[in-house]
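Below are the chains, spelled out letter by letter.
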Amino acid sequence: MALYGAAASVLSGLEAHQGSLKTLVYSSRFQNVRQLYALVCETQRYSAVLDSVIRSAGLLETEKKLKPHLAKVLVYELLLGRGLRGGGRWKPVLSRHKARLQAEFARLKVKHCVSRNEDLLESTPGAVKVVQLPRFVRVNTLKTSLADTIDYLKREGYSYQGRASGLDELRALEGKRFVLDSLLPELLVFSAGTDFHKHPLYQAGHLILQDKASCLPAMLLAPPPGSHVIDACAAPGNKTSHLAALLKNRGKIFAFDLDAGRLAAMATLLTRAGVSCCEIANKDFLSVSPSDPRYRQVQYILLDPSCSGSGMVSRQLEEPGAFSPSQERLHALAGFQRRALSHALSFPALQRLVYSTCSVCQEENEDVVRDLLQQSLGAFRLVQALPLWPQRGLSTFPGAEHCIRASPEATLTGGFFVAVLERASGESPAPEPQLLAEGPVPSVAPKKKKRPRQKALPT
Ligand code: SAM
């Protein structure tokens, strides 16, 4: 019962906007957070379907003491999950209603002409259609190497399949099989649901759990070691730690964020990741002076400003309306994004800038970039980012296809947008991004047996 009760209170907390799904799960004090998270996500995914079945079966009318959120969790387990394994006093109650609930569920499928449970998500109004994404894991080269990480995981029973040749291989991953991403160096890909939160390599900062799309901004900014970089809206810092890895901790990152709480989390993250080249400031980026001598060598800026988050898969479960933020909200966000981009472009030594959002709304993406390019009067140009990337910017202005878009359907990632801008008249053009890892890609060819290497062990 404890699991079902905990899941019901997370669902009720989500509805009351008391926190994000992850925060509520972690603060629930339920020991097996992974089990709880999975149950809440799945119940939430089928929420509209469950509501419909519960309503047609008249469950809440008959069982007046049964709270709606608990009913939803119990009915999920009964019809779609592993069957009621606990349930306390509600187990016999649900058993009495089982036949009726099953009949209503079957009726719903007939009504929508589907046979698979998943297909109900397509056809039930209000249901959340969440594509299961692979688990992407970035190897933190400040602490370890790709080869050592692969060796370590193989010794733990994971099976390395080499570099993937395309998305189909990522879709087909199951169990303990994993691959190297086809486009991004140092990005390992595991089957959906693989959980590394308790893994010693994650806890020691060797692995960073980061969606593939969110690895694009730092990779495309590609600051060479020794350079000076601004991360304008930096917390909680996954992209900052990626920048530090690209810099090999040589040079400087000036990281700003308005939110002190998020910066505190970022400081922990950076320490764990072994980042030593970053100066963090709790500051409004718009108030950072481009003429301050401290920033006179800044040639690279990463701007990942606050956005609607309409591309975030977890957001869809937490806030089904997040996909379509209101016009007022979009207008306000785009206003800030334009100001921040305009400000970033005014840094005198700037050569290359990456603008990114986890939004799928044109107003926050192509429209912002188009306006700022126009405003810059030719001083900056849009660079064709990662030509092999399959999904491009919406063709709303000439050159918009140089931008990158990402989505669960097309790229098996969260919804994302990236634009790379370069100074058109730069005397010393910024070096091109290194796409693939330097050195050989670890292959699956059998190697000589080695003694376990200590380097990848967490400290
Ligand atoms: N780049 C981060 C990462 O990869 O972990 C995520 C950044 S998040 C999308 C946007 C951040 O911008 C938030 O942490 C927010 O507090 C910060 N922010 C919003 N307005 C800001 C401003 N005027 N100056 C600096 N940071 C700001």
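Residues numbered from 1 in each chain as written. Predicted model: local features only at pLDDT ≥ 70, side-chain atom pairs only at ≥ 80, totals over all residues. Heavy atoms only, no water.

J.: Before we go on, may I ask you to explain unusual backbone geometry in this structure?
T.: Most peptide bonds take the trans form, and the phi angle of most residues other than glycine is negative. Look at the link from Ala235 to Pro236: it is a cis peptide, with omega at 10 degrees. We note that Cys113 has phi near 55 degrees; this positive angle belongs to a residue other than glycine. By the secondary structure assignment, Cys113 is in the loop between helix 7 (90–111) and helix 8 (117–123). For Glu186, which is not a glycine, the phi torsion comes out positive at approximately 60 degrees. Along the chain, Glu186 falls in the loop between strand 3 (177–180) and strand 4 (187–190). (Helix = DSSP H or I, 4+ residues; strand = E, 2+ residues; numbered from the N terminus.)

J.: I'm lost on the state of the cysteines in this one. Help?
T.: Think of a disulfide as a covalent bridge from one cysteine sulfur atom to another cysteine sulfur atom. Applying the stated criterion across every chain, the model contains zero disulfides. Cysteine Cys361 is unpaired, with the sulfur of Cys307 as its nearest cysteine sulfur at 8.5 Å. (Disulfide = S-S within 2.5 Å.)

J.: Teacher, can you tell me more about the side chain of Ser191 here?
T.: Within the element layout of this structure, Ser191 appears in the loop between strand 4 and helix 11 (200–203). A distance of 3.2 Å separates a polar atom in the side chain of Ser191 from the backbone oxygen of Gly175. (Polar contact = N/O pair within 3.5 Å; in protein donor to acceptor, adjacent residues only side chain to side chain.)

J.: What should I look at first to understand the environment of Asp257 in this one?
T.: With respect to the helices, strands and loops of the structure, Asp257 is situated in strand 7 (residues 252–257). In this structure, the C-alpha to C-alpha distance between Asp257 and Ala234, residues 23 residues apart in sequence, is 5.7 Å. A distance of 3.0 Å separates the side chain of Asp257 from the backbone nitrogen of Ala235, its partner in a polar contact. Of note is the side chain of Asp257, whose polar atom sits 2.9 Å from the backbone nitrogen of Asp259.

J.: Just to check I follow, could you spell out the sheet that holds strand 4 for this structure?
T.: Neighbouring strands of a sheet are bound in pairs by backbone hydrogen bonds; such pairs are parallel or else antiparallel. Taken in spatial order, the five strands make up an open sheet running 2-3-4-1-5, and their pairing is mixed. Since the sheet does not close on itself, it has two edges, and those belong to strand 2 (159–163) and strand 5 (207–209), each with one partner. Ignoring strand direction, the axes of neighbouring strands in this sheet form an average angle of 30 degrees. Bridge count between strand 1 (residues 135–139) and strand 5: three bridges; the pairing is antiparallel. Directly across from Val139, in strand 5, lies its bridge partner Leu207. Packing against the sheet, helix 9 (residues 146–155) makes contact with strand 1, strand 2, strand 3, strand 4 and strand 5, and its axis sits at approximately 25 degrees to strand 4. (Pairing = 2+ DSSP bridges. Axes fitted to C-alpha atoms, helices over the stretch in contact; angles between N-to-C directions. Contact = heavy atoms within 4.5 Å.)

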